[in-house]
2 protein chains.
Amino acid sequence: MNPRYEQLLARLRQVSDLSKAAAVLAWDEQTYMPTGGARARADQQATLSRLIHSLFTSPEVGELLDQLAEDVRDLPPDSDEAAVVRLARRQYDQAVKLPADLVEALSRASSEGFNAWIEARRSNDFAVFRPKLERLVELQRQKADALGWRDRRYDALLDLFEPGMKTADVERTFSILRDQLVPLLGAIRERLDAVDDSVLRRGYPADQQWEFTVELLEAIGFDFKRGRQDRSEHPFTIAFSVDDVRITTRINEEYLAQSIFSTIHEAGHAFYELGQPRQHERTPLCSPASLALHESQSRLWENVIGRSRGFWEHFLPRLSRRFPAQLADVDVDRFYRAVNRVEPSFIRTEADEVTYNLHIFLRFELEQAMLDGDLQVADLPGAWNEKMQAYLGVTPPDMLRGVLQDVHWSGDSFGYFPTYSLGTILAVQFYEKAVADHPDLPEQIRRGQFETLHRWLGENIHRHGARYEPAELVQRVTGTGLDAGPYIRYIRAKYGEIYGI
Amino acid sequence: MNPRYEQLLARLRQVSDLSKAAAVLAWDEQTYMPTGGARARADQQATLSRLIHSLFTSPEVGELLDQLAEDVRDLPPDSDEAAVVRLARRQYDQAVKLPADLVEALSRASSEGFNAWIEARRSNDFAVFRPKLERLVELQRQKADALGWRDRRYDALLDLFEPGMKTADVERTFSILRDQLVPLLGAIRERLDAVDDSVLRRGYPADQQWEFTVELLEAIGFDFKRGRQDRSEHPFTIAFSVDDVRITTRINEEYLAQSIFSTIHEAGHAFYELGQPRQHERTPLCSPASLALHESQSRLWENVIGRSRGFWEHFLPRLSRRFPAQLADVDVDRFYRAVNRVEPSFIRTEADEVTYNLHIFLRFELEQAMLDGDLQVADLPGAWNEKMQAYLGVTPPDMLRGVLQDVHWSGDSFGYFPTYSLGTILAVQFYEKAVADHPDLPEQIRRGQFETLHRWLGENIHRHGARYEPAELVQRVTGTGLDAGPYIRYIRAKYGEIYGI
């Protein structure tokens, strides 16, 4: 093997190991760490970040990458070596483009921004967060400019989460969606009472909910020898290796859907991580292709599978066995309708399939406007509420259920939101293709059999890791590229039936 | 402040942060990690170790330490700066004395040794472990020689765990103890039936045991905002900072004493870590003085306090409330005698106060003999059984309950065992001194009040961190230095009364 490539791999492995160590620390922070641990943990994470950055951006790595560009020139671009070099180059260029001062300033502003956001939420007062957000927007602008962009400043940030995706592409797709979803929601709004989800609010003890989520995970193929589930305030998935992927869930005794769908959602993320190509572990090739691809997996499991009638034909009897008092009188149809109830609401993370994307469009537009200087931070709460009224027909009663609800802008996640909607669209495209390849898939799911689906996702998506650019991967899988059509048809058919439209 | 000192501190902080990160990974390994995580976790830990070693042993650190030796020459040796420089120098010298090849070989041999030990235990076959142990003994010999020694090769290894302590000192102390304990055990052996511990074996459900250990921890002053307890196969304590100290316990439904005393033991370790001088955090000064000092704290809480009659006068009613069926007919005297039952047994970690040290003497003698080449590894099982017969009057029925029971020799912990007995002795010396300073301490404990004891331990021992050499610290606290006398008097009085000797 090329000795320069070996040298590169050695450094990449070191960086990967340290990043995974940082991930373990982050997982502990959100699951088990006592409050007293926070102060020192921040130091430990900062030291790890600085080391990772300095190991990865050292001049030797740059030289190696320069030389390797020559070495791999004649290799097929999707060969292992060419792909690793390309991915490392991309990450290296991003890392070195950001001056150390800016990285440091962003890190400090994020940490201050997060604390101010917490405090602003506590006092329901945007003014507490405002100066920190102004600073963060300014730094995000500097960051975008340091990374470089041509058409739109937002492109530079979006590209960090969704390699190759342009703001204009997102806008095109979102505008198609918006034109369909807003009138559909209008029609549903006339018939909101057609669906009743009170069966989910009959009081479900936490311990039995927990046990059901574990049964569910086992039944849909989550291997507890290669991962685990814990509880946390905000559910998340995190991978320490291809054989150790952790998810968390949140339990609400007053609302059964919370734990069930957050568990299925995170399991979808986990399956993607568990399916990464282990032979490339500790290289950037053994990594999901993008955040939209990641979200496509969680949404596919949570919504397309988990909120389908067939799924509950199999699982409702199992759920009823754990909650006989609450569910004895509930049949599949009633349960299916309950878990698919549409309601224009204030909180994105609690939104149904029809309204979810509207929450995203609003954020995508607002963060762009701030970045471009077209919207002042001081005017953000007003702009938020206007758009909520325009898209969803509701006005948040307070900041907590309005502009202060998401953590993203308090940290370093500008440009992240669109990936949620892109993933939602891809989820339906992928599932349609899987059904085209295996027409009895819905019937298998009705029987609680998921092996075919796992195999299809593994072969078509997971095993490629980051070998292909997201757009190329989507093209290979679907034959068409990103297309909102299937998603729109799916939503129309499903909710047309449920609401009799 | 001296800029060189600042530079040293910056490097020490980095090393400390990475070591704590490695500690979090180790904690996770033993508490929550799924089996699939082991392979990648080994890589992550190896990368962290190598980085820590290379950051700490870089030539700049050596130069800094050389210059700082001049800078601190006129400072009092126990001043902050002088102490930090001295401790860093000591660790640096140890680290650089070991050639990288030897460190690497030891690491590999330890990992292979551990696996072979597990396998040997599974098959109850010493031959599986033997070649690995031979290799480890050979490497320990090289390690001792690389570190350097004058009188005894064992000195070099002992000093890693117990700075300043010599093999000859240990032998002197152990020989006094042995001369007293062996005849005492002989006398007790005649009356073994005088104590019945069947009340501890009445079947205690794990959940209630867990809840009692939590109640106990809160009652003796463990702050769950600055730590937590989890379950693990082998109980341990680990500190991620002065404000995040984790302990684990093990529950045996068939034997109530297991969880209770392992919880109190680990709490004693935890109190020491929680009492370290926070103003020196991320330097070697904010660290327990030695392993014997550490063990003195756990043994003081577990045995001197936790197995005292007064302690159970307070806690037995609380325990009985959780286990009314099992404990309704049990009074304090019966419970006190049960938790202090003496029995010559095979397993060190299950041994009572009288026999515990005999298990240590045997290991201390055998590891020395192997290191000096006076005992071949092939002859170890026979030598083990002979000494068991001589000291304890029993012969292990198999290797699992004999020479294969401890993990230490399968890894890099030669020279560690004596610290257990030294800690046991110190525990009694410290408690005697605390009672001399506060004569009503036993009465406070009878009332479940531990503040005075915590304050005394904090002021006299914990807050000093590693500022003094262990021997100096012991001298300052006790006024006499290490002395087996108090321990012997304590054992004679306590067990004389229990067994009517």
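Rules behind the numbers
- Residues numbered from 1 in each chain as written.
- Chains lettered and ligands numbered in written order.
- Predicted model: local features only at pLDDT ≥ 70, side-chain atom pairs only at ≥ 80, totals over all residues.
- Heavy atoms only, no water.
- Helix = DSSP H or I, 4+ residues; strand = E, 2+ residues; numbered from the N terminus.
- Expected span 1.5 Å × (residues − 1).
- Buried < 20%, exposed > 50% of the residue type's maximum accessible area, 1.4 Å probe, protein only.
- Pairing = 2+ DSSP bridges.
- Axes fitted to C-alpha atoms, helices over the stretch in contact; angles between N-to-C directions.
- Phe/Tyr/Trp six-rings, centres within 6.5 Å; stacked < 30°, edge-to-face > 60°.
- Contact = heavy atoms within 4.5 Å.
- Buried area = accessible area lost by both parts, 1.4 Å probe.
- Salt bridge = Lys/Arg side-chain N within 4 Å of Asp/Glu carboxyl O.
- Polar contact = N/O pair within 3.5 Å; in protein donor to acceptor, adjacent residues only side chain to side chain.
- Nonpolar A, V, L, I, M, F, W, Y, C, P; charged D, E, K, R; others polar.
- Least-squares fit on C-alpha atoms with pLDDT ≥ 70 in both.
- pLDDT = per-residue confidence, 0-100.
- Parallel < 35°, antiparallel > 145°, perpendicular 65-115°, else oblique.
- Left-handed = near helix turned anticlockwise from the far one by under 90°.

## Some details on helix 4 (residues 80-97) of chain B
The end-to-end C-alpha separation of helix 4 of chain B is 26 Å, in line with the 26 Å expected for 18 residues at 1.5 Å each. Turning to helix 4 of chain B, its buried residues are B:E81, B:A82, B:A83, B:V84, B:V85, B:L87, B:A88, B:Y92, B:Q94 and B:A95.

## Regarding the sheet that holds strand 3 (residues 244-249) of chain A
Residue and element names in this part refer to chain A. Sheet architecture is open: three strands sit in the order 1-3-2, paired in mixed fashion. With one partner strand each, in any of the chains shown, strand 1 (227-231) and strand 2 (237-241) form the two edges of the open sheet. Across the sheet, the axes of successive neighbouring strands diverge by a mean angle of 20°, strand direction being ignored. Two elements, strand 2 and strand 3, share four bridges in a ladder whose sense is antiparallel. Paired with S241 across the bridge in strand 3 is D244.

## What to know about the packing of aromatic side chains
Here the structure, examined in full by the defined rule, presents 55 aromatic pairs over all chains. Taken together, a centroid distance of 6.3 Å and an interplanar angle of 20° make the contact between A:F315 and A:F450 stacked. Of this pair, A:F315 sits in helix 12 (residues 309-322) while A:F450 sits in the loop between helix 18 (441-446) and helix 19 (451-460), placing them 135 residues apart in sequence. A:F450 gets classed as buried once you look at its relative accessible area, which sits at 2%. The interplanar angle of 35° and the centroid separation of 6.4 Å between the aromatic rings of B:Y487 and B:Y490 together place this pair among those described as tilted. Taken together, the residues span about one helical turn, with B:Y487 and B:Y490 both in helix 21 (residues 485-499) at a distance of three residues.

## Looking at the interface of chain A and chain B
Taken residue by residue, the interface counts 37 residues in chain A and 37 residues in chain B. Summed over both partners, the interface of chain A with chain B buries about 2800 Å², with 57% contributed by carbon and sulfur atoms. On the chain A side of the contact with chain B, A:Y32, A:P34 and A:Q44 bury the most area, a combined 17% of that side's loss. Put simply, chain A and chain B have ten salt bridges between them. Note that B:R41 is salt-bridged to A:D244, the shortest N-O span being 3.9 Å. Joining chain A to chain B, the criterion identifies 15 residue pairs in polar contact (both at pLDDT 80 or more). Of all elements in the fold, only helix 1 (3-31), helix 2 (38-56), strand 1, strand 2 and strand 3 of chain A reach the threshold of two or more residues within the side of chain A that touches chain B. The residue makeup of the side of chain A that touches chain B, split by class, is 14 nonpolar, eight polar and 15 charged.

## Considering the relation of the copies chain A and chain B
Overlay of chain A on chain B (RMSD 0.0 Å): rotation 180°, translation along the axis 0.1 Å. What the superposition gives is, in effect, a two-fold axis relating one chain to the other. Looking at chain A, 100% of its interface residues are interface residues in chain B too, so the copies touch through the same face.

## Comments concerning the confidence of the model for chain A
When pLDDT is averaged along chain A, the result is 96, and 100% of the positions lie at 70 or above. Note on the complex model: pTM 0.95, ipTM 0.94.

## Side note on the packing of helix 1 of chain A against helix 2 of chain A
Residue and element names in this part refer to chain A. Helix 2 packs onto helix 1 with a crossing angle of 160° between their chain directions and a minimal axis gap of 10 Å. Taken as axis vectors, helix 1 and helix 2 run roughly antiparallel relative to one another. Helix 2 is crossed by helix 1, and the crossing has left-handed handedness. On helix 2, the residues touching R11, L12, Q14, V15, L18, S19, A21, A22, L25, A26, D28 and E29 of helix 1 are R41, Q44, Q45, L48, I52, L55 and F56. Looking at the contact of helix 1 with helix 2 residue by residue, the classes come out as eleven nonpolar, four polar and four charged.

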